[in-house]
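# Residue-level structure breakdown
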Amino acid sequence: MASGGLGRCRLALGLALLLDGAGMGALLTGIFARLRVRGQDFGDLLIYSGAVLVFLSLLGWVLWYTGNLELAPDELGRDYGAKGGTLARLARKISRRWSRRQPGPLALGPVRGSQGPPPRETV
């Protein structure tokens, strides 16, 4: 962990705290203040926008939390390394077949067995 106990992702923490503060401020202002401009009440607008800001702050909290997770390399290899089970072998076999058959996700070439597009006529 970094000094100060805030972790490594201080930008995400700042975003989460800023959105939490703005959201709670708007939410509480919308609940307790009587805001009327030219006869129109804006309390509902502040309540809903405050709730949306607090919800969006969850993105900052999730980024901050996941940015501070620490895994040892041996633990990472143990949890996500190659497994020796039957299902894992079948998945690797299918993956290798598909990798050989398909040139890539963005390939625009003709599909195997098709004639391709007709030739262009030049004028």
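For the structure itself, consult the block above.
One can find Gly67 in helix α2 (residues 43-67). C-alpha of Gly67 to C-alpha of Cys9: the two residues are 58 residues apart in sequence and 6.0 Å apart in space. Contact partners of Gly67, with chain neighbours within four places excluded, come to Arg8 and Cys9.

Turning our attention to helix α1 (residues 10-32). Over its 23 residues, α1 extends 32 Å from the first C-alpha to the last, a length consistent with the 33 Å expected when each residue adds 1.5 Å. Regarding α1, the residues found buried are Ala12, Leu13, Ala16, Leu19, Gly23, Ala26, Leu27 and Gly30.

This part covers the side chain of Ser57. One can find Ser57 in helix α2. The class for Ser57 is buried, based on a relative accessible area of 1%. A polar atom in the side chain of Ser57 sits 2.6 Å from the side chain of Asp20.

On the surface, Arg89, Arg92, Lys93, Arg96, Arg97 and Arg100 cluster together into a positively charged patch. By secondary structure assignment, the location of Arg89 is in helix α4 (residues 86-101).

Before going further, it helps to examine the packing of aromatic side chains. Enumeration according to the criterion identifies one aromatic pair in this entry. Relative to Trp64, the ring of Trp61 lies with its centre 5.9 Å away and its plane at 85 degrees, an arrangement referred to as edge-to-face. Here Trp64 and Trp61 lie together in helix α2, a separation of three residues that amounts to about one turn. When its relative accessible area of 22% is taken as the criterion, Trp64 is described as partly exposed.

Rules of the game
Residues numbered from 1 in each chain as written. Predicted model: local features only at pLDDT ≥ 70, side-chain atom pairs only at ≥ 80, totals over all residues. Heavy atoms only, no water. Helix = DSSP H or I, 4+ residues; strand = E, 2+ residues; numbered from the N terminus. Contact = heavy atoms within 4.5 Å. Expected span 1.5 Å × (residues − 1). Buried < 20%, exposed > 50% of the residue type's maximum accessible area, 1.4 Å probe, protein only. Polar contact = N/O pair within 3.5 Å; in protein donor to acceptor, adjacent residues only side chain to side chain. Patch = residues over 30% accessible without salt bridge, like charges linked within 9 Å, V, L, I, M, F, W, Y side chains within 5 Å. Areas by Shrake-Rupley, 256 points an atom, 1.4 Å probe, with all protein chains shown as cover. Salt bridge = Lys/Arg side-chain N within 4 Å of Asp/Glu carboxyl O. Lys, Arg positive; Asp, Glu negative; His and termini not counted. Charge placed at Lys NZ, Arg CZ, Asp CG, Glu CD. Phe/Tyr/Trp six-rings, centres within 6.5 Å; stacked < 30°, edge-to-face > 60°.

Scope: geometric values only; no functional claims are made or implied.
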